[in-house]
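Observations on the model geometry
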Amino acid sequence: MTDDSITLQLDGETITVPRSATLLDAANQAGINIPVICYHEATSPNGLCRICVVDVDGGRVLQPACVAECQADSKVETRNERVLRSRRTILEMLNASVNLEQAPEIQQMMADYDADEARFPGAHLREAEVIDDNPFYIRDYEQCVLCWRCVQVCAEDAQFTFALTLKNRGHATSVATAFDISMNESPCVFCGQCVGVCPTGALKPKIEWGMEQGWTADELRRNTRRARKRGGDGD
Ligand code: SF4
Ligand code: FES
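Residues numbered from 1 in each chain as written. Chains lettered and ligands numbered in written order. Predicted model: local features only at pLDDT ≥ 70, side-chain atom pairs only at ≥ 80, totals over all residues.

In this model, Asp114 sits at a positive phi of 55 degrees, which is unusual for a non-glycine residue. With respect to the helices, strands and loops of the structure, Asp114 is situated in the loop between helix H3 (104–112) and strand S6 (137–139). We classify Asp114 as exposed; it has 9 C-beta atoms within 10 Å. We note that Phe162 has phi near 55 degrees; this positive angle belongs to a residue other than glycine. Mapped onto the elements of the fold, Phe162 is located in the loop between helix H4 (149–154) and strand S7 (165–167). (Helix = DSSP H or I, 4+ residues; strand = E, 2+ residues; numbered from the N terminus. Buried ≥ 20, exposed ≤ 12 C-beta atoms within 10 Å, placed from the backbone.)

Quick look at the confidence of the model for the protein chain now. Per-chain confidence: the protein chain averages 94 in pLDDT, with 95% of residues scoring 70 or above. Every residue in residues 231–235 is under pLDDT 50, and counting partners more than four places away or in other chains gives seven contacts. (pLDDT = per-residue confidence, 0-100. Contact = placed C-beta atoms within 7 Å.)

What follows covers helix H2 (residues 81–97). For an α-helix, the turn length of 3.6 residues means that residues three or four places apart are oriented alike. A rise of 1.5 Å per residue sets the reference length of H2, with its 17 residues, at 24 Å; its end C-alpha atoms lie 25 Å apart and thus fit the reference within 8%. Buried within H2 we find Val83, Arg87, Ile90, Leu91, Leu94 and Asn95. Buried positions in H2, seen along its axis, are confined to an arc of 130 degrees and lie on one side of it. The outward face of H2, more than 90 degrees from its buried face, is lined by the exposed residues Glu81 and Arg85. (Expected span 1.5 Å × (residues − 1). Arc of directions from axis to C-beta.)

Before going further, it helps to spend a moment on the site of ligand 1. What surrounds ligand 1 is a group of 14 residues, the closest being Cys144, Cys147, Cys150, Cys198 and Ala202. Residue composition of the shell around ligand 1, by class: twelve nonpolar, one polar and one charged. (Near = placed C-beta within 6 Å. Nonpolar A, V, L, I, M, F, W, Y, C, P; charged D, E, K, R; others polar.)

This part is about the sheet that holds strand S4 (residues 63–64). With mixed pairing, the five strands of this open sheet are ordered in space as S2-S1-S5-S3-S4. Edge positions in the sheet fall to strand S2 (13–18) and S4, since each of these pairs with one other strand and no more. Taken together, the two bridges between strand S3 (residues 53–56) and S4 define a ladder with antiparallel strand orientation. Bridge assignment links Val53 to a residue of S4, and that residue is Pro64. Sitting on the sheet, helix H1 (residues 23–30) is in contact with strand S1 (5–10), S2, S3, S4 and strand S5 (75–77), with an inclination near 120 degrees to S2. Lying on the sheet, H2 is in contact with S3 and S5; it crosses S3 at an angle near 155 degrees. (Pairing = 2+ DSSP bridges. Axes fitted to C-alpha atoms, helices over the stretch in contact; angles between N-to-C directions.)

Moving on to the domain arrangement of the protein chain. As far as domains go, the protein chain holds domain 1 (1–125) and domain 2 (137–223). Measuring from the centre of the C-alpha atoms in domain 1 to the corresponding centre in domain 2 gives 27 Å. If you look at the interface, domain 1 gives 19 residues, while domain 2 gives 16 residues. Of all elements in the fold, only H2 and H3 reach the threshold of two or more residues within the side of domain 1 that touches domain 2. When its residues are assigned to classes, the side of domain 1 that touches domain 2 shows eleven nonpolar, seven polar and one charged. (Domains from an automatic or database assignment.)

Structure (structure tokens):
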């Protein structure tokens, strides 16, 4: 072990990692799977969803593995009963508030953690109209898990365009453009990176969405072209 590395126990195995490694880095190094939702390797981790929690030294609060750094000589458990119950509850709460029909990775987690889809019978799914305001992609925030990935790639993590932000609070919180202007009026350059990092069906290429709606080839062609600036209709 060097000054730049530390040793800890992960699920009973001793492991040596770089000093600044997160618990998720350590788990990846050890071949241990920890589920993630808000974390993406292309974006800065913010520890928002808490699905990645692990138990460090039996501490009062579970630690989000994607942001918590490894501590020397600590004992980390990634799958004890506390951890499994916490992940299961997070999935059940997500399922009670968001339409996850087009989020296969999260659906798989629901199965893996034996999450009960009927755990919160009185809960209301978030409701939102599909926003179809540009030729390239649609936004369906009923399916948004507020992972923040799209906002980050649009900002400092990749594009430096800052077209996206948050609006409202609590159950009504939603990703939006500033002042809710249309995407065409926003600084968006339609790079598509937000669509690429979205883990659900909340952001989708318009061609794919149009095919799901049963659009004809002509409608697809017409609805996915940018209108010409001087009075053209894009055809
Ligand atoms: S639209 Fe997609 S990427 Fe953006 S916050 Fe919602 S789920 Fe995450
Ligand atoms: S993946 Fe770690 S908090 Fe979301």
